[in-house]
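Residues per chain are reported as follows:
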2 protein chains.
Amino acid sequence: MARTSSLSGFPEWLPDGRVVEQHVLDSLRRTFELHGFAGIETRAVEPLSQLLRKGETSKEVYLLQRLQEESDDAGEVDAERRLGLHFDLTVPFARYVLEHAGQLAFPFKRYQIQKVWRGERPQDGRFREFTQADIDVVGADTLPFHYEVELPLVMAEALTALPIPPVRVSVNNRKVAQGFYEAIGLEDVEGTLRTIDKLDKVGPEGVARLLMDEVGATPEQAAHALELADISGTDASVADQVLALGARSPLLDEGLGELVALLEAAHELSPGTVVADLKIARGLDYYTGSVYETTLLGHEDLGSICSGGRYDSLASDGRRTYPGVGLSIGVSRLLARLLRDDLATATRPVPSAVLVAVTDEEHRRGSDRVARRLRARGIPTDVAPVAAKYGKQIRYADRRGIPFVWFPGADGDEVKDIRSGEQVPADAGTWAPPENDLLPRVVRADPAAAR
Amino acid sequence: MARTSSLSGFPEWLPDGRVVEQHVLDSLRRTFELHGFAGIETRAVEPLSQLLRKGETSKEVYLLQRLQEESDDAGEVDAERRLGLHFDLTVPFARYVLEHAGQLAFPFKRYQIQKVWRGERPQDGRFREFTQADIDVVGADTLPFHYEVELPLVMAEALTALPIPPVRVSVNNRKVAQGFYEAIGLEDVEGTLRTIDKLDKVGPEGVARLLMDEVGATPEQAAHALELADISGTDASVADQVLALGARSPLLDEGLGELVALLEAAHELSPGTVVADLKIARGLDYYTGSVYETTLLGHEDLGSICSGGRYDSLASDGRRTYPGVGLSIGVSRLLARLLRDDLATATRPVPSAVLVAVTDEEHRRGSDRVARRLRARGIPTDVAPVAAKYGKQIRYADRRGIPFVWFPGADGDEVKDIRSGEQVPADAGTWAPPENDLLPRVVRADPAAAR
């Protein structure tokens, strides 16, 4: 168990868990950079006025208060002056884009991996501090549709490179839903979406009743909306199924065209990974085109581990509008599951591949010199803390998973692989551990062994 | 100018500045790992009761308050229940060690690179959010002296690997100061240290007066304390100078032995980098052995960019005591100077080495396929956002510093180095950019050119 937490909602990892987390973060960064996304970080705080603009999550904002602040500041909330911790990376990114628009080149592709904070009630068992990894591309005034195809595929690639089970990216398109609802005469598009979003909770009959009671649908309209929500698939047949329901509109056609384009590009890259699922309604109230959710196969109870979509207006300063497409991975949630279920483990909790033994304290400098020569060639190396008996020094290495112990000798050095017990003469200027042992690695659990 | 900030004290970098920052962080991590330090992160918050234990800085704590919290919570401060943002990485590390002692192997060597927050008054022009990079080694009950030699040398190596001017590590030892003061009859060791710490501000005469007025020193004792503070050097002659002042005590001898051992080891590794400076008093009230400060040559006005020392009790749970040695780099302060003075700059603000042009939107998939083949071989690649005229696509690359533009062609592809204008036939399965162009690099300013 690499996870630990003495403060509910604020996870911390032991060193072996951190090796897994660092591997995940490095791997995400590598994929994002291969695709040309520039890394940025934003400050952890935003003015409360910014944070309050996103309704739902605003309730969970952590406000900052200086300990020495006059007490009359504490009571009233001055939204312009007061600062809160950001609860996602989208609000800060939108602010960053507006603030630095003159110095950025558009379309601007950025990734951002940072902690965010949400003051959820601890009894919900949710994280109050967690890491998100976001990619977004944002244009000035316009942003071509093809980014709606590319970004979920970058995320699918990024997730596939991680030591995790396979993922499924489920997609929908606001234009399909809106075009369809309007074509069948359901004018309250947002109300309908909010109700469809309750399918998992209340079932189709419950949704039909709510559509009639609260959104003003006729029984036929409710039935049609449910038929649309029932459609899923991985290819152009999805569009055929929708059209077979009989409704038509230019917006619906446009949405279906986009959906099919996404499915076809995804099929070329990674067949079966991207699935159109027309019951997805979450986020369709603020997304304006494609919308994405991602589940970890076999861990559907986690909910979506990577979500996002297209905004026609990620940000706007009155003069210009900045449309965007982006997705966000909930890294901490994913990692907590990896560590809880031992889906991925570190081969050792420390970087060192070698421990240089110390014969006696008078010769410590000699051991330091060996270590320096190994490090100069990129081999992470530790030196024994005390010139104890060799058995004890070997146990020091063993407890940390350090595979090799180096014995300096007057007549030449020797190195021992403490796993096999094999000990051979070695020269610190030329010897190297096997590639596999150089750095701690993260290995996937063998699914067969887990059964 | 890669720096920007719309909120005083909360620095943010443009993408080119972030390339420099990421390079610095990667480089530090690499050095720390080569020396066997395990990376950890702690949560950003600690209970206020923990944070209030470190007097001076406690005033600057940012308290957290949930927006929806009952208003009567806001007024009174319940130090056990209330949470604040950490203001350094030492307090959280001490808590982490106590909390997880049963699962850690001691001596435990860890590095930790994280943001910290201090609610300083904005008019001071100080950072309220900044990154620190700490290394510490902590033992259970005992910790050998040799770590006091090794840790500052690890930091010197880490700093030397950065694209910054040379550094000087100044060292002192609490045992030397205390042993000396006690030997000359100055019993108020801490008061004397606090006064000596004012040397730069009030000068030797001012310090002599304060020692007499406030610490109860005789004129002779004050003169002796100033003579000690005047001593500096890079080798064993420092001890000779101290002994020449006539005072002797076992504690003084022990301190001088430690100081000389540190200087001699440092001399072997990097002559001239480590200097004993016996006027250093900062931190000697809580450090119990060696103490370190680091200045960037030519930028002494920055103050110490990396400080630390030995604690006999970094943490204690009543049963066990955990002595430690550690140092902390103020990364943001260092970085702000690098960027302000253009001491280090990124060769480009984006990861991409190649932009694949798009002939027309119908052939975008073909360009995507080229990009995929290049990425599969580790070459960061972007694809043109729009199938505009080639001249415009080349300008897209040029504005981002992307050195190569790839032109897919029915009869074979070509790649153009847009700096030289040279264009050659190329195959996406074999072509690679020169090693120097593969990733953005960080280059030091040429000091000669700056003159």
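Residues numbered from 1 in each chain as written. Chains lettered and ligands numbered in written order. Predicted model: local features only at pLDDT ≥ 70, side-chain atom pairs only at ≥ 80, totals over all residues. Heavy atoms only, no water.

**Thoughts on the domain arrangement of chain A**
Residue and element names in this part refer to chain A. Domain assignment breaks chain A into domain 1 (3-345) and domain 2 (354-443). If you average the C-alpha positions of domain 1 and of domain 2, the two centres end up 48 Å apart. Across the boundary between the two partners, domain 1 contributes 7 residues, which contact 4 residues of domain 2. In this assembly, domain 1 packs against domain 2 so that about 390 Å² is buried in total across both faces, 66% of it on carbon and sulfur atoms. Contact with domain 2 buries surface across domain 1, with Val19, His23 and Thr345 losing the most and accounting together for 76% of the total. Here domain 1 is connected to domain 2 by 0 salt bridges. The interface formed by domain 1 and domain 2 contains 1 residue pair in polar contact (both at pLDDT 80 or more). The biggest single contributor to the side of domain 1 that touches domain 2 is helix α1 (residues 15-34), with 3 residues. (Domains from an automatic or database assignment. Contact = heavy atoms within 4.5 Å. Buried area = accessible area lost by both parts, 1.4 Å probe. Salt bridge = Lys/Arg side-chain N within 4 Å of Asp/Glu carboxyl O. Polar contact = N/O pair within 3.5 Å; in protein donor to acceptor, adjacent residues only side chain to side chain. Helix = DSSP H or I, 4+ residues; strand = E, 2+ residues; numbered from the N terminus.)

**Some words on unusual backbone geometry**
All names here are of chain A. With an omega dihedral of -5°, the bond running from Phe106 to Pro107 counts as a cis peptide bond. With respect to the helices, strands and loops of the structure, Pro107 is situated in the loop between α5 (90-100) and β7 (108-117). The phi torsion at Asp141 lies on the positive side, around 75°, for a residue other than glycine.

**Side note on the relation of the copies chain B and chain A**
Take chain B, turn it by 180°, move it 0.0 Å along the axis, and it overlays chain A with an RMSD of 0.0 Å. What we have between these two chains is a two-fold relation. Taking C-alpha positions as the reference, the residue of chain B nearest the rotation axis is Leu64(B), at 2.5 Å. (Least-squares fit on C-alpha atoms with pLDDT ≥ 70 in both.)

**Overview of the sheet that holds strand β17 (residues 381-383) of chain B**
Residues and elements named next belong to chain B. In spatial order, the strands read β17-β16-β18-β19-β20; together these 5 strands make up an open sheet with mixed pairing. Strand pairing shows two members of the sheet lacking a second neighbour, β17 and β20 (423-426), which therefore form its edges. Strand-to-strand twist across the sheet, computed as the mean angle between neighbouring axes with direction ignored, equals 25°. For strand β16 (residues 354-356) and β17, the ladder comprises 3 bridges, and the chain directions are parallel. The residue of β17 that forms the bridge with Leu355 is Asp382. Relative to the sheet, helix α14 (residues 364-376) contacts β16, β17, β18 (404-407) and β19 (413-417), its axis offset from that of β17 by approximately 175°. Its contacts with the sheet place helix α15 (residues 390-400) against β16, β17, β18 and β19, and it is angled at close to 145° to β18. (Pairing = 2+ DSSP bridges. Axes fitted to C-alpha atoms, helices over the stretch in contact; angles between N-to-C directions.)

**Quick notes on the packing of helix α7 (residues 174-183) of chain B against helix α12 (residues 250-269) of chain B**
Residues and elements named next belong to chain B. For the pair α7 and α12, the least separation of the axes is 7 Å and the interaxial angle reads 150°. Put simply, α7 runs roughly antiparallel to α12. Every pair of crossing elements has a handedness; the one defined by α7 and α12 is left-handed. From α7, Lys175, Val176, Gln178, Gly179, Phe180 and Glu182 reach across to α12, where they touch Leu251, Leu252, Glu254, Gly255, Leu256, Glu258 and Leu259. Here the residues of the contact of α7 with α12 sort into 6 nonpolar, 3 polar and 4 charged. (Parallel < 35°, antiparallel > 145°, perpendicular 65-115°, else oblique. Left-handed = near helix turned anticlockwise from the far one by under 90°. Nonpolar A, V, L, I, M, F, W, Y, C, P; charged D, E, K, R; others polar.)

**Some remarks on the pattern of salt bridges**
Scanning the entire structure with this criterion turns up 62 salt bridges over all chains. Across the pair Asp141(A) and Arg320(A) runs a salt bridge whose closest N-O atoms are separated by 3.2 Å. Here Arg320(A) lies in the loop between β13 (306-316) and β14 (321-330) and Asp141(A) lies in the loop between β8 (129-138) and α6 (146-160), a separation of 179 residues in the sequence. Take Asp141(A): its relative accessible area is 44%, and that puts it in the partly exposed class. Owing to a relative accessible area of 32%, Arg320(A) belongs among the partly exposed residues under this scheme. The salt bridge partner of Asp197(B) is Arg282(B), with a shortest N-O separation of 3.2 Å. Remark: Arg282(B) occurs in the loop between β11 (274-277) and β12 (290-296) and Asp197(B) occurs in the loop between α8 (189-196) and α9 (199-214); sequence separation between them is 85 residues. On the basis of relative accessible area, Asp197(B) is assigned to the partly exposed category, the value being 31%. (Buried < 20%, exposed > 50% of the residue type's maximum accessible area, 1.4 Å probe, protein only.)

**Let's talk about the pairing of β20(B)**
Residue and element names in this part refer to chain B. Relative to β20, β19 runs antiparallel, the two sharing 4 bridges. From the neighbouring strand, Lys416 faces β20, where its bridge partner is Gln423. The turn joining β19 and β20, which pair antiparallel and follow one another in sequence, is formed by 5 residues; a positive phi near 85° is taken by Gly421.

**Remarks on the interface of chain B and chain A**
A common way to state how big an interface is: give the accessible area lost once the parts meet. Listed as interface residues are 94 residues of chain B and, on the opposing side, 93 residues of chain A. For the pair chain B and chain A, the summed buried area comes to about 7700 Å², and 52% of that belongs to carbon and sulfur atoms. Contact with chain A buries area across many residues of chain B, yet Glu12(B), Arg66(B) and Leu67(B) alone supply 9% of it, more than any other trio. Connecting chain B to chain A are 16 salt bridges. Residue Lys115(A) is joined to Glu41(B) by a salt bridge in which the shortest nitrogen-to-oxygen separation is 2.8 Å. Scanning the region where chain B abuts chain A turns up 38 residue pairs in polar contact (both at pLDDT 80 or more). Among the elements that line the side of chain B that touches chain A, the one with the most residues is helix α1 (residues 15-34) of chain B, at 9 residues. Of the residues assigned to the side of chain B that touches chain A, the class counts are 42 nonpolar, 19 polar and 33 charged. Relative to strand β5 (residues 62-66) of chain B, strand β5 (residues 62-66) of chain A is paired through 5 bridges, and the arrangement is antiparallel. Paired with Gln65(A) across the strands is Leu63(B), a residue of β5(B).

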